[in-house]
Amino acid sequence: MTLQALLGVELPVIQAPMAGAHVSALAIAAGQAGGLGSLPCAMLGTSAIRREIGAIRAAMPSRPFNLNFFCHRPPVADAAREAAWRSVLAPYYREFGLDISSAPALPARYPFDATSAELVEELRPEVVSFHYGLPDEPLLQRVRATGAHVLSSATTVEEALWLERQGVAAVIAQGLEAGGHRGHFLREDLTLHSGTFALVPQLVRALRTPVIAAGGIADRAGVEAALRLGAAMVQVGTAYLCCPETTTTPLLRRTLMSDAARHTALTRLITGRPARGIVNRLMREVDDASAPEFPLATAAIAPLRAAAEARGSLDFSPIWCGQNASGCRERPAGELTRELAGV
Ligand SMILES: Cc1cc2nc3c(=O)[nH]c(=O)nc-3n(C[C@H](O)[C@H](O)[C@H](O)COP(=O)(O)O)c2cc1C
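As a starting point, this report considers the structure included with it. (Residues numbered from 1 in each chain as written. Predicted model: local features only at pLDDT ≥ 70, side-chain atom pairs only at ≥ 80, totals over all residues. Heavy atoms only, no water.)

Details of the pattern of salt bridges
Logical step 1: A complete count under the given rule lists 17 salt bridges for this structure.
Logical step 2: The shortest N-O distance in the salt bridge between Asp136 and Arg73 comes to 3.0 Å. With Asp136 in the loop between strand E4 (127–131) and helix H6 (137–145) and Arg73 in the loop between strand E3 (65–70) and helix H4 (79–95), this pair connects stretches of sequence that are 63 residues apart.
Logical step 3: Overall, the relative accessible area of 42% leaves Asp136 in the partly exposed class.
Logical step 4: With a relative accessible area of 60%, Arg73 lands in the exposed category.
Logical step 5: Between Glu164 and Arg208 there is a salt bridge whose closest N-O contact spans 3.8 Å. Placement of Glu164 in helix H7 (residues 157–165) and of Arg208 in the loop between helix H8 (196–206) and strand E8 (211–214) is noted, with a sequence separation of 44 residues between them.
Logical step 6: We classify Arg208 as exposed; its relative accessible area is 75%. (Salt bridge = Lys/Arg side-chain N within 4 Å of Asp/Glu carboxyl O. Helix = DSSP H or I, 4+ residues; strand = E, 2+ residues; numbered from the N terminus. Buried < 20%, exposed > 50% of the residue type's maximum accessible area, 1.4 Å probe, protein only.)

Next up, the structure:
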C-alpha cells in the first residue's frame with residue numbers, strides 16, 4: 001500500500017505543521033484540497049487544541065489530519081546561564097525603555113506528555129507527527145494504540161534508522177534548507193545535516209519505511225523532483241506562510257515576500273534550539289552561544305520582540321523561513337496544495 005493510501009489522502013502533499021504561524025484554518029484548507037492538513041500543538045494549551053480539532057472535524061468530518069507535537073526533554077533551569085543571557089540582552093532592553101526584571105519566565109513551548117496522550121486518545125487524529133524524535137515508549141504506545149499513523153523528522157541517516165526501529169509509518173527527511181526548527185534528536189552537531197537532495201536518496205536507500213521529503217520544496221517542479229528521488233510524499237512549510245489561512249502578520253508576510261527572504265540562517269537565539277529564519281538584527285549582533293537551553297531563551301526575547309514589532313520592526317522576532325521562499329504568495333492554501341500536486 002502506498003503511504004498516501006495508508007494516510008487516506010488524494011495528493012502527495014503534507015502541509016507542514018508550523019507552530020505560531022497557523023491553527024486549524026490552514027489544516028482545513030489543505031485537507032479539503034486533498035492534501036494532509038496539520039495542526040501544530042507546541043504552542044497551544046489543551047483547550048485550544050480541543051477547540052481547533054473541533055473546527056477541523058466540523059469542516060471535514062471524513063478527512064484525515066495530522067496532529068503535531070514537539071517531544072523535547074523539559075529543560076533544567078540554570079540560573080547562572082539565564083542571568084548571563086539577560087545581561088547580553090540588557091542593552092536592548094535599555095534601548096526600548098523596558099525593565100528586564102519584568103521579563104516572563106515561561107518556556108512557552110510544550111512537549112508531548114500524559115495530557116497530550118489523553119487528548120490523542122480522546123480526539124483520535126488519523127496521523128500524529130513528532131519533532132525532536134519520539135516520546136518515551138509508554139506514551140508512544142498510547143498513541144499507537146489509538147491506531148494513529150506515527151511520523152517523525154530525521155535530519156541524518158542515523159536518526160532515520162532509529163525512527164524505523166521504533167516502527168514509525170514514515171520518516172520525514174528534513175533537509176537543511178527547511179524553515180523553522182531543525183528536528184535533530186540524536187546529536188547536536190549541525191555539520192551532520194545535509195540538504196534535501198542529498199538526504200532523501202540516502203534515506204530511501206537505507207530504509208524500508210516510506211520517506212517524506214521536507215525542505216526547500218515550493219512548487220510543482222520541486223515536488224516532482226522529490227518524488228523522483230524516491231520520496232513517497234512531500235511536506236511543505238514555508239510556501240504556505242503567506243496564505244490567508246495562516247495567522248502571520250502583514251509585516252511578516254511582506255518580509256517573507258521581499259528580497260530579505262534570500263538570506264536565511266540557523267540560529268539558537270530565539271528559542272535555544274537551532275532554527276532557520278530570515279537574518280535580522282538580533283541574529284547579526286548577538287552571539288548564538290549565549291542563548292540558554294530550549295525553550296528557555298524565548299522568555300527574555302518576548303518583550304523585546306513585542307516592543308520592536310510595535311514599532312513595525314522584526315529585529316527581535318522569529319522570522320522562520322526556509323531557504324526557498326519563492327512559493328510565498330498571498331493565495332488560498334487549497335490552490336497552493338493543488339498546484340504543488342499538479343492537479
Ligand atoms: C514557521 C515554521 C514553523 C514550523 N513549526 C514546526 C512545528 O511546529 N512542528 C514541526 O514538526 N515542524 C515545524 N516546522 C518545520 C516543518 O515541519 C518543515 O520541516 C519545513 O517547513 C520544511 O521546509 P520548508 O519550510 O522549506 O518547506 C516549521 C517550519 C516553519 C517554516
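Notes on the packing of aromatic side chains
Logical step 1: If you walk through the whole model with that rule in mind, you get nine aromatic pairs.
Logical step 2: Ring centres of Phe70 and Phe294 lie 6.1 Å apart, and the angle between their planes is 50 degrees; on these two criteria the pair is classed as tilted. Taken as a pair, Phe70 in strand E3 and Phe294 in the loop between helix H11 (281–285) and helix H12 (297–310) lie far apart in primary sequence, 224 residues in all.
Logical step 3: Phe70 sits in the buried class, given a relative accessible area of 7%.
Logical step 4: Residue Phe294 is classed as buried on the basis of its relative accessible area of 4%. (Phe/Tyr/Trp six-rings, centres within 6.5 Å; stacked < 30°, edge-to-face > 60°.)

Considerations on the sheet that holds strand E9 (residues 233–236)
Logical step 1: Taken in spatial order, the eight strands line up as E1-E9-E8-E6-E5-E4-E3-E2 in an open sheet, and their pairing is parallel. Among the strands making up the open sheet, the edge pair consists of strand E1 (13–15) and strand E2 (37–40). Averaged over all pairs of adjacent strands, the angle between their axes in this sheet comes to 25 degrees, without regard to strand direction.
Logical step 2: Here three bridges tie E8 to E9, and the two strands are oriented parallel to one another. By the bridge assignment, Ile212 is partnered in E9 with Met233.
Logical step 3: Across the sheet, H7 lies against strand E5 (149–154) and strand E6 (170–174), angled at about 165 degrees from E5, the strand it touches most. (Pairing = 2+ DSSP bridges. Axes fitted to C-alpha atoms, helices over the stretch in contact; angles between N-to-C directions. Contact = heavy atoms within 4.5 Å.)

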